[in-house]
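# Structural overview for review
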Amino acid sequence: MKGLEHFEKDSLFDRMDADEEKLVMGKFNKEDVKSGEYVFKENDSGDTLYIVEQGTVSLKKLIINDYEKTLFVATEGLVFGEFSFIDGKERSASAFAEKDSVLLSLQRKDFDAFVEEHPLAGAKLYNNLLGTIVNRLRMTNDAYRDAIRWGIEATGAENLNFQNIITESINIRIGLNNNQILEGRILQLEQSEAGYELIIAEQSGVITLVPYHAINSVSVD
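In what follows, the accompanying structure is described. Throughout this document, residue positions are counted from 1 along each chain, in the order its sequence is written. In keeping with the predicted nature of the model, local features appear solely for residues at pLDDT of at least 70, side-chain atom pairs appear and are counted solely at 80 or more, and the whole-chain, interface and lining totals rest on all residues. Side-chain calculation: all heavy atoms of the structure are included, whereas hydrogens and water are not.

## Concerning the sheet that holds strand S6 (residues 79-80)
We call two strands paired when DSSP finds no fewer than two bridges between them. For the purposes of this entry, the term helix denotes a DSSP run of H or I that reaches at least four residues, the term strand denotes a run of E that reaches at least two, and both are numbered from the N terminus. Reading across the sheet, the four strands line up as S1-S8-S3-S6 and stay open at both edges, with antiparallel pairing between neighbours. Looking at which strands have only one partner, the edges of the open sheet turn out to be strand S1 (29-33) and S6. Bridging between strand S3 (residues 48-54) and S6 involves two bridges; their strand directions are antiparallel. Pairing of Tyr50 across the sheet is with Phe80, part of S6.

## Some points on the pairing of strand S8 (residues 101-107)
Across the seven residues of S8, six count as buried, placing the element largely inside the fold. Summarising the sheet, S1 and S8 pair through five bridges and their orientation is antiparallel. Following the sheet pairing, Glu31 is matched in S8 by Leu103. Burial classes follow relative accessibility: with a 1.4 Å probe on protein chains only, a residue under 20% of its type's maximum area counts as buried, one over 50% as exposed, and anything between as partly exposed.

## Examining the nonpolar core
Generally speaking, a soluble globular protein has its nonpolar side chains buried in company with each other. We define the nonpolar core as a collection of buried residues of types Ala, Val, Leu, Ile, Met, Phe, Trp, Tyr and Cys that are connected through side-chain atoms lying within 4.5 Å of one another. One finds Leu12, Phe13, Val24, Phe28, Leu49, Ile51 and Leu125 to be the most contacted residues of the largest nonpolar core, which totals 18 residues. Among the secondary structure elements, those contributing two or more residues to this core are helix H1 (18-25), S3, S8, helix H3 (108-117) and helix H4 (119-145). The leading source of residues in this core is H4, at four residues. Contacts are residue-level and defined by heavy atoms, with any inter-residue pair within 4.5 Å sufficient. Residues contacting Phe28, with those up to four places away along its chain left out, are Leu12, Ile51, Leu104, Ser105 and Leu106. Counting 14 residues, the second-largest nonpolar core is a separate cluster that includes Val33, Phe40, Val57 and Leu103.

## With respect to the side chain of Glu202
Relative to the elements of secondary structure, Glu202 occurs in strand S11 (residues 195-202). One buried charge, Glu202, has no salt-bridge partner; the nearest side chain with opposite charge is Arg173, at 11 Å. Charged residues are defined here as Lys and Arg on the positive side and Asp and Glu on the negative side; His and the ends of the chain fall outside this count. For salt bridges, the criterion is a side-chain nitrogen of Lys or Arg within 4 Å of an Asp or Glu carboxyl oxygen.

## Topic: the packing of aromatic side chains
Pairs were defined over the aromatic rings of Phe, Tyr and Trp, the Trp ring being its six-membered one, requiring ring centres within 6.5 Å. Orientation was assigned from the angle between planes: stacked under 30 degrees, edge-to-face over 60, tilted for the rest. Tallied over the full model, the rule gives six aromatic pairs. Ring geometry for Tyr38 and Phe96: centres 5.1 Å apart, planes at 65°, overall edge-to-face. Linking Tyr38 in strand S2 (residues 38-40) with Phe96 in strand S7 (residues 94-97), this pair joins segments that are 58 residues apart in sequence. Overall, Phe96 belongs to the buried group, its relative accessible area being 17%. The structure contains a cluster of three or more aromatic residues connected by ring pairs, namely Phe40, Tyr50 and Phe80. The aromatic ring of Phe40 is capped on one face by Arg91, whose charged end is 3.9 Å from the ring centroid. Sitting over the ring of Phe85, Arg108 keeps its end group 5.6 Å from the ring centre. Think of it as a cone above the ring: NZ of Lys or CZ of Arg counts as a charge over the ring if it is within 6 Å of the ring centre and within 35 degrees of the ring normal.

## Looking at the pattern of salt bridges
What the rule picks out here adds up to nine salt bridges. With a shortest N-O distance of 3.0 Å, Glu183 and Arg173 are connected by a salt bridge. Placement of the pair is Glu183 in strand S10 (residues 181-192) and Arg173 in strand S9 (residues 171-176), with a sequence separation of ten residues. Classification of Arg173 by relative accessible area gives partly exposed; the value is 35%.

Here you go:
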């Protein structure tokens, strides 16, 4: 197993001494993943944390119409899978091996056992993981906001008077070009060099980004 010198400085091992690092690494298992394989997929269950020892893993979010947006690329030394590791809920994104990769994996039960055996080192490990999560949330928010800003040629969104619909919190029904129907409220209309996009709060509570070019019809309840 490689040493820790190539791991990100604000990683799980920040402020740990050599003995603590060795104890932590003893809880990890090694996994090989082939290029083109998924480590896990969005909405899978799972409570395992991963570190990339070798290779590259992309974290991808399904946005709309089978389009996956890369939110984060984990290269050597970077951590991924931290959200489900903490809360035990479904995976919020898919992890895809861009090349043959060697991963270090830590299951939550092994983490809990480590914390019980070594409370001081466990507290450091937990705090470092929370710091990683905070940084990732900031990165993911920026990436998600820009998720559809890629080569879209769109004009004329102002003709639908979306700004008034947003201000009045009016419920709308949007028909997409793929025959999908979205119902809810428009939270925001954004414009970039690529064009326009809507941020919609669906009635189910899901937040969806929709490029203007994908809209076929709009009706107001």
